[in-house]
Amino acid sequence: MSLTLLLQQIAAYAKKYARNPADIHLLAVSKKQPIEKVIALHTAGQRAFGENYLQEALPKIAALPTAEWHFIGKIQTNKTRAIATHFSWVHSVENSKIAKRLSEQRPSEFPPLNICIEVNLDAENSKGGVQAADVFALAEQCIALPNVRLRGLMALPAPAKTFIQQRATFSRLRDIRDTLIQKALPLDTLSMGTSQDFEAAIAEGATIIRIGTAIFDTPYKELRNYSDG
Ligand SMILES: *Cc1c(COP(=O)(O)O)cnc(C)c1O
């Protein structure tokens with residue numbers, strides 16, 4: 001799908017679910033995509049890009065320093081300094097040790113690093129993220145750190161079979177966010193929804209949708225494998 005078509009689709013869903021389109025931000029997930037495609041999308045007007053693997057992201061960031069780079073992958077402890085230096089957002093904070101390191105290692109001349117806490121909505125052991133019951137404690141720890149700014153919550157739920165199930169899962173993330181707001185945490189971000197389920201995410205209040213395959217039009221199986229090794 002072209003960027004224009006995707007933005008039209010997002011605008012149509014915003015209207016359908018009575019959302020302000022200005023509150024829904026598109027994060028183009030460029031993991032495993034060749035740099036030429038990322039540059040082409042940037043030239044077409046896309047500003048925010050999401051990457052899962054540090055080693056793969058660094059040359060892309062060097063090629064497009066004016067884009068806004070979001071780290072959305074699993075965070076290894078020994079990668080926090082580079083992540084805190086090269087990204088302006090991190091969506092995948094899942095424990096206080098990582099949050100503390102990101103804050104300590106954020107260069108002092110930069111504005112605070114925007115972070116989201118990743119929530120494991122399916123309580124799957126194999127998945128990243130904190131359990132719902134532990135989100136508040138981690139959020140309070142993050143709020144106390146000087147060089148990160150807790151913006152909200154992120155989730156990557158297991159694929160759901162129906163639209164109703166997709167909405168039900170995303171509404172749980174929204175409920176957790178609302179509970180934190182009631183406890184006076186100033187959150188403005190719900191990072192949820194991918195190519196498969198962004199309509200449901202928009203219906204449930206997503207402010208950042210993370211779209212990879214639908215915008216780059218490349219099945220992942222055709223892409224080379226990366227890891228952060
Ligand atoms: C790969 C990925 C996405 C994008 O998924 P698509 O199905 O390609 O849109 C979004 N979020 C995270 C955390 C990812 O790893």
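Heads up: the structure comes first, above all this text.
Small disclaimer: the values here were computed from a predicted structure and weren't measured.

Participant: What is the right way to look at the overall build of the protein in this model?
Facilitator: Assigned secondary structure in the protein consists of 9 helices and 8 strands. What you see for the protein is a C-alpha radius of gyration of 17 Å, in line with the 17 Å of a compact globule of 229 residues. Expressed as a percentage of the 229 residues in the protein, the buried residues total 51%. The long-range share in the protein, meaning contacts at least 24 apart out of those at least 6 apart in sequence, stands at 58%. For the protein, the exposed area adds up to about 10,800 Å²; of that, 53% sits on carbon and sulfur atoms. Here the protein contributes 27 positively and 22 negatively charged side chains, and the mean placements of these two sets differ by 1 Å.

Participant: It is not clear to me how helix α5 (residues 96-105) should be interpreted in this structure. Could you clarify?
Facilitator: Count 3.6 residues to each turn of an α-helix, and residues three or four apart come out pointing the same way. Looking only at α5, the buried set comprises I98, A99, L102, S103 and Q105. Where α5 is buried, its residues touch α4 (80-86), β4 (89-93), β5 (113-118), α6 (135-143) and β6 (148-154). The opening residue of α5 is N95, an N-cap whose side-chain oxygen sits 3.2 Å from the backbone nitrogen of K97.

Participant: Explain the side chain of S92 here, please?
Facilitator: By the secondary structure assignment, S92 is in strand β4. By relative accessible area, which is 2% here, S92 ends up buried. Here the side chain of S92 touches G73 through a polar contact of 2.6 Å, landing on its backbone oxygen.

Participant: I'm lost on the pairing of strand β8 (residues 208-211) in this one. Help?
Facilitator: Each regular strand shows side chains that alternate between the opposite faces of the sheet. Because side chains alternate across β8, one face comprises the buried residues I208 and R210, and the other comprises I209 and I211, equally buried. Here strand β1 (residues 25-29) pairs with β8 via 4 bridges, running parallel. Each residue of the ladder has a partner; that of L26, found in β8, is I209.

Calculation notes
- Residues numbered from 1 in each chain as written.
- Predicted model: local features only at pLDDT ≥ 70, side-chain atom pairs only at ≥ 80, totals over all residues.
- Heavy atoms only, no water.
- Helix = DSSP H or I, 4+ residues; strand = E, 2+ residues; numbered from the N terminus.
- Rg over C-alpha atoms; globule rule 2.2 N^0.38 Å.
- Buried < 20%, exposed > 50% of the residue type's maximum accessible area, 1.4 Å probe, protein only.
- Contact = heavy atoms within 4.5 Å.
- Areas by Shrake-Rupley, 256 points an atom, 1.4 Å probe, with all protein chains shown as cover.
- Lys, Arg positive; Asp, Glu negative; His and termini not counted.
- Charge placed at Lys NZ, Arg CZ, Asp CG, Glu CD.
- Polar contact = N/O pair within 3.5 Å; in protein donor to acceptor, adjacent residues only side chain to side chain.
- Pairing = 2+ DSSP bridges.

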